[in-house]
Amino acid sequence: MKPDGLDEALIRAACDGSAEAFARLVERHQQALRAFLRRACGDWALADDLAQDTFLTAWERIGELRGDASLRSWLCGIGYRKCLGALRSAGRARRREADYASMRETVASPRSDERLALERALADLPLEQRAAVALCLAADFSHAEAAEALGAPLGTVKSHVARGRARLAQALGVADGRA
Amino acid sequence: MDALEARLKVLFAEDEPPARDAAFAARVAEAAARRRLRADLAWLALACGAAAAALFVFAPVLAPAVEVLARELAPVAAGLVLAAAATALVTGRFGLGLGLRS
């Protein structure tokens, strides 16, 4: 996916050091990045911290963004690597995984049984699968874009998404039309 | 889009962060400014350290030259200070206070 015109102009301005242009990019992409990180790591507070950190890294490395690359994929890629690092460090992974459902219940509005079933099913998925599902099924990334963002081979991403779909379909009691 | 994807779309949409979040954007801007300030301070400290080290190394060469220059330039410096004071007195706010200018 190529960056749209406005993104392209803002990226150019940010490369030239415009903090204002970068602030506009943050405004335009914070929703997608935070939604992805919330689904990938399950802890909303941690996800928002990681999103903030991701934007700071992006601000420092914006010059490295290839002209034809999608900013959204690039940001999600940085965020995913930060998420991996955070969850793998200092035994945090086990604690976060275990706390996944309870944390979400405390920060979000009352949810339906279906919603809770989805959250539990997501929490049971391995992180790589959850990230692939979050990008392809929740954020409308193509498999190729998700592979680029996650730094994984296309085939691996396709298989993660297929397995994730099957698990979510089972949890929701909906027939998976592609199974 | 099949039934599962449609159902997932609805469920995922329930916990999307807001499309505009001024507080989050402000936090990012603040953190970026803090990081820039820290980088600027680090460069400044490095430059000051390098200048101090250079002065320390070249002090034996610089000290006699500075003494000679100070002796030679003292009258000129005194004259400049007096001229600046007179200018401030006549044209500046101090002059206004004394009623030298209207």
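The preceding data block contains the structure.
Trainee: Quick question: what am I supposed to make of the overall build of chain B here?
Mentor: Counting secondary structure elements, chain B contains three helices and zero strands. Residues counted as buried form 4% of the 102 residues belonging to chain B.

Trainee: Sorry if this is basic, but what is going on with the overall build of chain A here?
Mentor: Looking only at helices and strands, chain A features nine helices and zero strands. Secondary structure elements of chain A, listed N to C terminal, follow the sequence α-α-α-α-α-α-α-α-α. Across chain A, the fraction of contacts at a sequence separation of at least 24, relative to all contacts at a separation of at least 6, is 63%.

Trainee: How should the environment of Glu119(A) be read in this particular structure?
Mentor: Residues and elements named next belong to chain A. Note on placement: Glu-119 falls in helix H6 (residues 113-124). By the C-beta count within 10 Å, which is 21 here, Glu-119 ends up buried. Note: C-alpha distance between Glu-119 and Ala-171 (52 residues apart in sequence) is 9.4 Å.

Trainee: Honestly, the nonpolar core in this entry has me stumped. Any pointers?
Mentor: One broad trend across soluble globular proteins is that nonpolar side chains are buried collectively. Residues and elements named next belong to chain A. Counting residues in hydrophobic clusters, the biggest one holds 54 residues, and the most contacted among them are Phe-36, Leu-37, Ala-132, Leu-135 and Ala-146. In terms of residues, this core owes the most to one element, helix H2 (residues 19-41), which gives 10 residues. What Leu-135 contacts, discounting residues up to four positions off in sequence, is Phe-36, Cys-76, Phe-141, Ala-146 and Ala-149.

Trainee: Would you mind going over the packing of helix H3 (residues 44-61) of chain A against helix H2 (residues 22-91) of chain B with me for this structure?
Mentor: Helices that pack against each other are described as a pair by the angle of their axes relative to one another and the distance between those axes. Orientation of H3(A) relative to H2(B), taken along the N-to-C sense of each, is 50 degrees, at an axis distance of 10 Å. Accordingly, the angle class assigned to the pair H3(A) and H2(B) is oblique. Viewed along their axes, H3(A) and H2(B) form a crossing whose handedness is right-handed. On H2(B), the residues that touch Asp48(A), Gln52(A), Phe55(A), Leu56(A) and Trp59(A) of H3(A) are Phe24(B), Arg27(B), Val28(B), Ala31(B), Ala32(B) and Arg35(B). Tallied by class, the residues present in the contact of H3(A) with H2(B) amount to seven nonpolar, one polar and three charged.

Trainee: Could you clarify how one ought to interpret the interface of chain A and chain B in this entry?
Mentor: Often the size quoted for an interface is simply the accessible area lost on bringing the parts together. Listed per partner, the contact involves 27 residues of chain A and 24 residues of chain B. Mapped by element, the contributors of at least two residues to the side of chain A that touches chain B are H2, H3, H6, helix H7 (127-138) and helix H9 (154-172) of chain A. Tallying contributions element by element places H2(A) first for the side of chain A that touches chain B, with nine residues.

Trainee: Explain the packing of helix H1 (residues 5-15) of chain A against H2(A) here, please?
Mentor: All names here are of chain A. Interaxial distance between H1 and H2 falls to 7 Å at its minimum, and their mutual angle equals 140 degrees. Classified by the interaxial angle, the pair formed by H1 and H2 is oblique. Crossing hand, H1 versus H2: left-handed. Across the interface between the two elements, Leu-10, Ala-13 and Ala-14 of H1 pack against Ala-21, Phe-22, Arg-24 and Leu-25 of H2.

What counts, and at which threshold
- Residues numbered from 1 in each chain as written.
- Chains lettered and ligands numbered in written order.
- Predicted model: local features only at pLDDT ≥ 70, side-chain atom pairs only at ≥ 80, totals over all residues.
- Helix = DSSP H or I, 4+ residues; strand = E, 2+ residues; numbered from the N terminus.
- Buried ≥ 20, exposed ≤ 12 C-beta atoms within 10 Å, placed from the backbone.
- Contact = placed C-beta atoms within 7 Å.
- Core = buried A, V, L, I, M, F, W, Y, C linked by C-beta atoms within 7 Å.
- Axes fitted to C-alpha atoms, helices over the stretch in contact; angles between N-to-C directions.
- Parallel < 35°, antiparallel > 145°, perpendicular 65-115°, else oblique.
- Left-handed = near helix turned anticlockwise from the far one by under 90°.
- Nonpolar A, V, L, I, M, F, W, Y, C, P; charged D, E, K, R; others polar.

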